[in-house]
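Listed below are the residues making up each chain.
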Amino acid sequence: MIDSGESFADMLLHAWHILPVALLFALPVAALGGLVLYWLRRGSLASTMTVLVLVPLAATLTGVLGVSGFMFSTALTTMLLVCVLVAVVTVPAAIVLGRVIARRSVWEREARERERTAEASRRELVAWISHDLRSPLAGIRAMAEALADGVVAEPGEVAGYAQRINSETARLSAMVDDLFELSRITAGALRLELTAVPLREVVSDALAAQTPVADRKRVRVLASAQTWPVVIGSDPELARIVRNLVANAIRHTPPDGTVAVRVGVDGQEALLAVDDACGGIPEEELARVFDVAFRGTRARTPEPAGPTAGGGLGLAIVKGLVEAHRGRIGVHNRDGGCRFEVRLPLAAP
């Protein structure tokens, strides 16, 4: 043992003689700890932190025992007790700290994944909208140039061009409105003024707004209800939910088909179901129906142009608005088409 009365040079010389023995006993423990850490490299962070705390303590303890020749003097016993007390304090702290760091790491990883998903969605949205805006803008420009250059001079043709320009302008305006609404939803800027809203009025107004479109396509729109519930929601946003669902159903229903809107109560929720005659959605696409800019394939290919053609944002907006109302939305196939179901919380009686 090093005497406290020794000179500094003697202490260094004494330490130099002790060093090989200490390393002989401590290094195997450190190596074993490294192997344990390698074995736990894919384990929990709390286990890794615990091993990191125990390895230096065990190496120190083993080195001291080896240097002392396992002769348990008062000083050695005191040091062993101190090591045990340090382990009692640091091991639980390491476990707690490891779990906190692990949770934070998982949260950061999920946040990065959400950010990557959102960025990919934004890029896809920009690509889709750029493509969709280019077509009507090109048409408007061509028709405007034809009118300005006098290529079209007959009153009937001029009126037809004006009507088509107005139709394309309305389509562009609807796309811009959808983009604005979707940006409010995704940015968390949507603020709802929740009140008790009768679904009868919401559905009636939405169907009245979509009747001219349905008539042009020769699609029947029917509404039925077991009961007309009152829900907690915002009237304009609820109207948009129903209007978008009905417009989507009309868009994908062939002429002489039927769109059915059914309303009822299921437990503590109001149930709104919209049935179309689209021919069904492929099973592999059902999970993507509410994705931004998703349009589908096969039977659900959208119309190439016209006021009923959409930009692939309507159902994404519907999903965002339903979730903002603390509701749920789903879709499944049925005979000849598919059904969209919206569940909303009922107003207190």
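Residues numbered from 1 in each chain as written. Predicted model: local features only at pLDDT ≥ 70, side-chain atom pairs only at ≥ 80, totals over all residues. Heavy atoms only, no water.

1. Side note on the confidence of the model for the chain
- Looking at the chain as a whole, the pLDDT averages 80, with 89% of positions reaching at least 70.
- When mean pLDDT is taken per element in the chain, strand E5 (residues 269-275) scores highest with 93 and helix H2 (residues 45-68) scores lowest with 75.
- Segment residues 298-309: pLDDT under 50, and 31 contacts once partners within four positions in sequence are set aside and those in other chains are kept. (pLDDT = per-residue confidence, 0-100. Helix = DSSP H or I, 4+ residues; strand = E, 2+ residues; numbered from the N terminus. Contact = heavy atoms within 4.5 Å.)

2. Quick word on the packing of helix H4 (residues 155-186) against helix H7 (residues 314-324)
- Two elements in contact, H4 and H7, have axes whose closest approach is 10 Å; the angle formed by their N-to-C orientations is 35°. For H4 against H7, the interelement crossing comes out left-handed. Mapping the contact onto sequence places Asp-178, Glu-181, Leu-182 and Ile-185 in H4 and Ala-316, Ile-317, Gly-320 and Leu-321 in H7.
- When grouped by side-chain class, the residues that make up the contact of H4 with H7 number five nonpolar, one polar and two charged. (Axes fitted to C-alpha atoms, helices over the stretch in contact; angles between N-to-C directions. Left-handed = near helix turned anticlockwise from the far one by under 90°. Nonpolar A, V, L, I, M, F, W, Y, C, P; charged D, E, K, R; others polar.)

3. Looking at a nonpolar patch on the surface
- Together, Trp-16, Leu-19, Leu-23 and Leu-27 make up an exposed nonpolar region whose accessible area comes to about 430 Å².
- Mapped onto the fold, Leu-23 is located in helix H1 (residues 8-39).
- A relative accessible area of 38% places Leu-23 in the partly exposed class. (Patch = residues over 30% accessible without salt bridge, like charges linked within 9 Å, V, L, I, M, F, W, Y side chains within 5 Å. Areas by Shrake-Rupley, 256 points an atom, 1.4 Å probe, with all protein chains shown as cover. Salt bridge = Lys/Arg side-chain N within 4 Å of Asp/Glu carboxyl O. Buried < 20%, exposed > 50% of the residue type's maximum accessible area, 1.4 Å probe, protein only.)

4. A look at the pattern of salt bridges
- What the rule picks out here adds up to twelve salt bridges.
- The salt bridge involving Arg-328 is made with Glu-269; its shortest N-O contact spans 2.5 Å. Of this pair, Arg-328 sits in strand E6 (residues 328-334) while Glu-269 sits in strand E5, placing them 59 residues apart in sequence.
- Residue class for Glu-269 comes out partly exposed when judged on its relative accessible area of 22%.

5. What about the nonpolar core?
- Among the nonpolar cores identified, the biggest contains 47 residues, and Ile-241, Leu-245, Val-331, Phe-340 and Val-342 are the most heavily contacted of them.
- Residue assignment for this core shows that the elements contributing at least two residues are H4, helix H5 (199-217), helix H6 (235-252), strand E4 (258-266), E5, H7, E6 and strand E7 (337-345).
- Dropping the residues within four chain positions of it, Leu-245 is found in contact with Val-274, Leu-315, Val-318, Ile-329, Phe-340 and Val-342. (Core = buried A, V, L, I, M, F, W, Y, C linked by side-chain atoms within 4.5 Å.)

6. Section: H7
- Among the residues making up H7, those that are buried are Leu-315, Ala-316, Ile-317, Val-318, Gly-320, Leu-321 and Val-322.
- Against H4, H6, E6 and E7 lie the buried residues of H7.
- Downstream of H7 by one or two residues, Arg-326 has phi in the positive range, about 60°.

7. Digging into the packing of aromatic side chains
- Going through the model one piece at a time under the given rule, you end up with one aromatic pair.
- Judged by centre distance (5.9 Å) and plane angle (85°), the rings of Phe-290 and Phe-340 are edge-to-face. Of this pair, Phe-290 sits in the loop between E5 and H7 while Phe-340 sits in strand E7, and the two are 50 residues apart along the sequence.
- For Phe-290, a relative accessible area of 12% puts it in the buried group.
- The ring centre of Tyr-161 lies 5.4 Å from the NZ or CZ of Arg-164, which sits over that ring. (Phe/Tyr/Trp six-rings, centres within 6.5 Å; stacked < 30°, edge-to-face > 60°. Lys NZ or Arg CZ within 6 Å of the ring centre and 35° of its normal.)

8. A few points about H5
- The end-to-end C-alpha separation of H5 is 26 Å, in line with the 27 Å expected for 19 residues at 1.5 Å each.
- The principal kink in H5, of about 40°, is found at Thr-211, preceding the proline Pro-212 by one to four residues.
- Taken together, the buried positions of H5 are occupied by Leu-199, Val-202, Val-203, Ala-206, Leu-207, Gln-210, Val-213, Ala-214 and Lys-217.
- Each element contacted by the buried residues of H5 is listed here: strand E1 (195-198), strand E2 (220-225), strand E3 (230-233), H6, E4 and E5. (Expected span 1.5 Å × (residues − 1). Bend = angle between axes of the 7 residues up to and from the residue.)

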